[in-house]
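Here is how the chains run, residue by residue.
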Amino acid sequence: MKIFVYSTHRFEKPFLQKAANDNHELIFSAFALEADTAKLANGCKAIIAFTSDDLSADVLDDLYYHGIRFIALRSVGFDHVDLLKAKQLGIKVANVPNYSPYSTAEHAVALLLALNRKLMVGQKLMKRNDFSLDELIGFDMYQKTIGIVGVGKIGGAFAKIMSGFGCRLLGYDPIENKGLALKTGLVYTTLEEVCQQADVVSIHCPLTPETRYMFNKVLFAQMKKGVLLINTARGSIVNTIDLLAALDNKTIAGAGLDVYENEKGIFFRNHLNTIIIDQLFDKLRNNQNVIITGHQAFLTQEALTDIATTTFYNLNQWEKGKSSTNEI
Ligand code: NAD
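The notes below deal with the structure included here.

## Looking at the nonpolar core
Ranked by internal contacts, the top residues of the largest apolar core, which has 34 residues, are Phe215, Phe220, Met223, Leu229, Leu243 and Ile252. Listed by contribution, the elements that provide at least two residues to this core are helix 8 (191-197), strand 9 (200-203), helix 9 (217-220), strand 10 (227-231), helix 10 (240-248), strand 11 (252-257) and helix 11 (279-286). Considering every element that reaches this core, the biggest residue donor is helix 10, with four residues. Aside from chain neighbours lying at most four places away, what touches leucine 243 is Phe220, Leu229, Val238, Ile252, Ala255, Leu257 and Leu284. Core analysis: the second largest hydrophobic core is formed by 25 residues, Leu111, Ala157, Leu180 and Tyr188 among them.

## Overview of the sheet that holds strand 11
What the seven strands build is an open sheet, ordered 8-7-6-9-10-11-12; its pairing is parallel. Each edge of the open sheet carries a strand with a single partner, namely strand 8 (187-188) and strand 12 (290-292). Note: strand 6 (residues 145-149) against strand 9, four bridges, orientation parallel. Bridge pairing in strand 9 links valine 149 to isoleucine 203. Contacts from helix 10 reach strand 10, strand 11 and strand 12, with the element oriented near 140° to strand 11.

## Considerations on the sheet that holds strand 4 (residues 70-73)
If you trace the five strands from one edge of the open sheet to the other, you get 2-1-3-4-5, paired in parallel fashion. Two strands bound the open sheet, and with one partner strand each, they are strand 2 (25-28) and strand 5 (92-94). On average, adjacent strands in this sheet sit at an angle of 20° to one another, irrespective of strand direction. Bridge count between strand 4 and strand 5: three bridges; the pairing is parallel. Its bridge partner lying in strand 5, phenylalanine 70 is registered against lysine 92. Contacting strand 1 (2-5) and strand 2, helix 1 (residues 13-20) runs over the sheet at an angle of about 170° to strand 2. Helix-sheet contacts for helix 12 (residues 301-319) involve strand 1, strand 2, strand 3 (46-49), strand 4 and strand 5, and the interaxial angle to strand 4 is about 165°.

What counts and how
Residues numbered from 1 in each chain as written. Predicted model: local features only at pLDDT ≥ 70, side-chain atom pairs only at ≥ 80, totals over all residues. Heavy atoms only, no water. Core = buried A, V, L, I, M, F, W, Y, C linked by side-chain atoms within 4.5 Å. Buried < 20%, exposed > 50% of the residue type's maximum accessible area, 1.4 Å probe, protein only. Helix = DSSP H or I, 4+ residues; strand = E, 2+ residues; numbered from the N terminus. Contact = heavy atoms within 4.5 Å. Pairing = 2+ DSSP bridges. Axes fitted to C-alpha atoms, helices over the stretch in contact; angles between N-to-C directions.

Rendered as structure tokens:
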């Protein structure tokens, strides 16, 4: 099958090529999918899209016009796709529902530990020959209460790691995983209770109309003073203006973020010789109690292998005229 790969990054190309196994004609492009670039896929039957690509109704119309019938998302999240429109057009869409959840869960732990133990501040001081410890006091994770919002695959993997630290676990999820609760001691409760009791809140739910800005000033006001907030899920689950206010008034002592609500157009590329005009992002990244990584939580060898393998499983099924189990 002739397949156009949008938003190709250097890091993922070898993984995709290996999984394609010479069975397909791949056209790799660094261009993101948007209204102006849909035509690039003309003559292809399928595209492979990234989380930063635009799969809104108009773009899907264009893709259909240019012959695209299959869209393989190389991501878990599909909040960037107008699924209803795709269905109306008869374009099949599949995601990668299962890739190493440890990649993202472990990154959440990395953000948490770096934030709590002030690793970034410590590195800066060390480079200035300043070995004083006054600014670097953290707290033991042992016996602290960790609130997990969205206890699915990643939230579950995060829960298991934190139970190894000897933490008390609270979870909020409309669907309870009793096996996990038994194994880790996690107790399910309401979102409000999680936020009132937790020393650390880590977000692992999907972005949906219900979860958009779920973390806002109303919820922040209920949090324990000095809480750490970790978000490796989706930027728009957190209201950034409210987060900055909560950091300013010290309700939230620190935030470890891998995602940002306006990350599209900023993350995943090198802006070395350009100016990023986003005052909100500047406020966030210049806040000394915030650590931000550029949506890299998934970036491990294992996860990239899983993503590429499942992407081509989806495409191979469609090429054989079969359905994929990952269709959405
Ligand atoms: P999952 O589907 O296994 O788990 C999500 C959980 O959230 C489910 O248990 C679901 O019941 C729960 N949930 C749904 N609505 C909720 C709500 N309103 N409140 C609380 N919980 C709710 O998904 P996953 O694989 O664990 O991934 C979770 C999210 O992490 C993805 O949707 C994606 O946005 C994000 N993600 C980010 C990265 C990254 O690189 N930063 C990588 C992978 C996934």
